[in-house]
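Here are the chains, one letter per residue:
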Amino acid sequence: MRKIFFYEWKRLIWNKFFFGLLLVLLFYGWQVLTGRTLLGVSHTAPFSPWSFGDYVSRMLPLLWIGTLFFLTFFTSPKARRAAVLTDAAPMSPGRYALARCGAALAGCVLLVLACLAEAAVFYGWYFQWYAWQTLIFPALLTLLPPLVFALGSGWLLGRARPWLLYAWMLVPFLWNVLPLPEVFGLWNGAFFTEYPLTLDTPDPSFSVPAALLAVQALLLAAGAALLALKPRKASDAAEARERSRLIS
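Residues numbered from 1 in each chain as written. Predicted model: local features only at pLDDT ≥ 70, side-chain atom pairs only at ≥ 80, totals over all residues. Heavy atoms only, no water.

Participant: Sorry, what's going on with the pattern of salt bridges here?
Facilitator: Opposite charge on two side chains makes pairing possible when the charged atoms of those side chains draw close. Applying the stated criterion across every chain, the model contains 2 salt bridges. When the shortest N-O distance is used, the salt bridge between Arg 58 and Asp 54 registers 3.2 Å. Taken together, the residues Arg 58 and Asp 54, both in helix α3 (residues 49-75) and 4 residues apart, mark about one turn of the helix. Look at Arg 58 and you get partly exposed, because its relative accessible area is 32%. (Salt bridge = Lys/Arg side-chain N within 4 Å of Asp/Glu carboxyl O. Helix = DSSP H or I, 4+ residues; strand = E, 2+ residues; numbered from the N terminus. Buried < 20%, exposed > 50% of the residue type's maximum accessible area, 1.4 Å probe, protein only.)

So this is what it looks like as structure tokens:
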């Protein structure tokens, strides 16, 4: 299983798509940092959890798209035909699915680390500020639940119909234009711009309402549950017939 994971992981990151997406992320991230984060959000410091949370929430749509694009390497018809050699090994489909989802998650983690590293360079360059431990919680709270959900739901949709992955990539743009309730404020970043203004202090310490925490926890649990679902027998039988046909 470890060999399958590293094989799929290398296949994901050693290609033009990964480096192209990485360049787009870094370019857009720097524009957000220098054009918005530099000024601070809602009268808070640029290096406050509020301003940093606004930055990572604006990076979330591209990270969501990147996660789903990684899954297209495993769910498209062309990718399934190319996977005949690796699938010929005596291993259960569930373990293959776990290894491939792990590779997609590892690729997404690399993109997230690139965004965080860029922010670290920005804060060090402009403010000589390095208290990163104060920003870990807003980063995990904002990015972890939706990206795990993107991975779980995308894997399920891609196995059903590969084209659904491309439609699912549009979801972040919808939640950014639709008027969502306050408990979903982390999805479109409204929480970081609106909630500090409701607090009494001019530069308030970071706090999150219990309802919003519950929504993020449910989103994380839903993503993990979707990843734990076993592949459908019908889908496995169809893939087995295709492998047999191609091998013969």
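Moving on from the coordinates now.
Participant: What should I look at first to understand the UniProt feature "transmembrane region" (unreviewed entry) in the protein chain in this one?
Facilitator: In the UniProt entry, the feature "transmembrane region" (unreviewed entry) is given for residues 12-30, 55-76, 97-123, 129-151, 163-187 and 207-229. Counted over residues 97-123, helix gives 100% and strand 0%. Its end C-alpha atoms are 39 Å apart. When the span residues 163-187 is considered, its composition is 64% helix and 0% strand, and the gap between its end C-alpha atoms is 24 Å. (UniProt positions renumbered as here; feature names shortened; annotations may be inferred.)

Participant: I'm lost on the packing of aromatic side chains in this one. Help?
Facilitator: The relative placement of two aromatic rings is captured by the distance of their centres and the angle of their planes. With the rule as written, the count across this model stands at 34 aromatic pairs. Geometrically, the ring pair formed by Phe 17 and Phe 70 is edge-to-face, given 5.9 Å between the ring centres and 85° between the ring planes. Here the residue Phe 17 occupies a position in helix α2 (residues 16-35), and Phe 70 occupies one in helix α3, the gap between them amounting to 53 residues. Residue Phe 17 is classed as partly exposed on the basis of its relative accessible area, which comes to 25%. Phe 70 gets classed as buried once you look at its relative accessible area, which sits at 0%. When the ring of Phe 18 is compared with that of Phe 19, the centres are 5.6 Å apart and the planes differ by 80°; the resulting orientation is edge-to-face. By relative accessible area, which is 37% here, Phe 19 ends up partly exposed. What links up through ring pairs into an aromatic cluster is the set Trp 30, Phe 47, Phe 52, Tyr 55, Phe 122, Tyr 123, Tyr 126, Phe 127, Trp 129 and Trp 132. (Phe/Tyr/Trp six-rings, centres within 6.5 Å; stacked < 30°, edge-to-face > 60°.)

Participant: I tried to follow unusual backbone geometry on my own but got confused; where do I start?
Facilitator: With the exception of glycine, the majority of residues adopt a negative phi angle, and the majority of peptide bonds are in the trans configuration. We note that His 43 has phi near 65°; this positive angle belongs to a residue other than glycine. Tracing the chain through its elements places His 43 in the loop between α2 and α3.

Participant: Help me out: how do you make sense of the packing of helix α7 (residues 136-160) against helix α12 (residues 210-228) in this one?
Facilitator: Each pair of packed helices can be summarised by the angle the axes make with each other and by the distance between the axes. For the pair α7 and α12, the least separation of the axes is 7 Å and the interaxial angle reads 35°. Handedness of the α7/α12 crossing: left-handed. From α7, Phe 137, Leu 141, Thr 142, Leu 144, Pro 145, Pro 146, Val 148, Phe 149, Leu 151, Gly 152, Ser 153 and Leu 156 reach across to α12, where they touch Leu 213, Gln 216, Leu 219, Leu 220, Ala 222, Gly 223, Ala 224, Leu 226 and Leu 227. Counted by class, the contact of α7 with α12 contains 16 nonpolar, 5 polar and no charged residues. (Axes fitted to C-alpha atoms, helices over the stretch in contact; angles between N-to-C directions. Left-handed = near helix turned anticlockwise from the far one by under 90°. Contact = heavy atoms within 4.5 Å. Nonpolar A, V, L, I, M, F, W, Y, C, P; charged D, E, K, R; others polar.)

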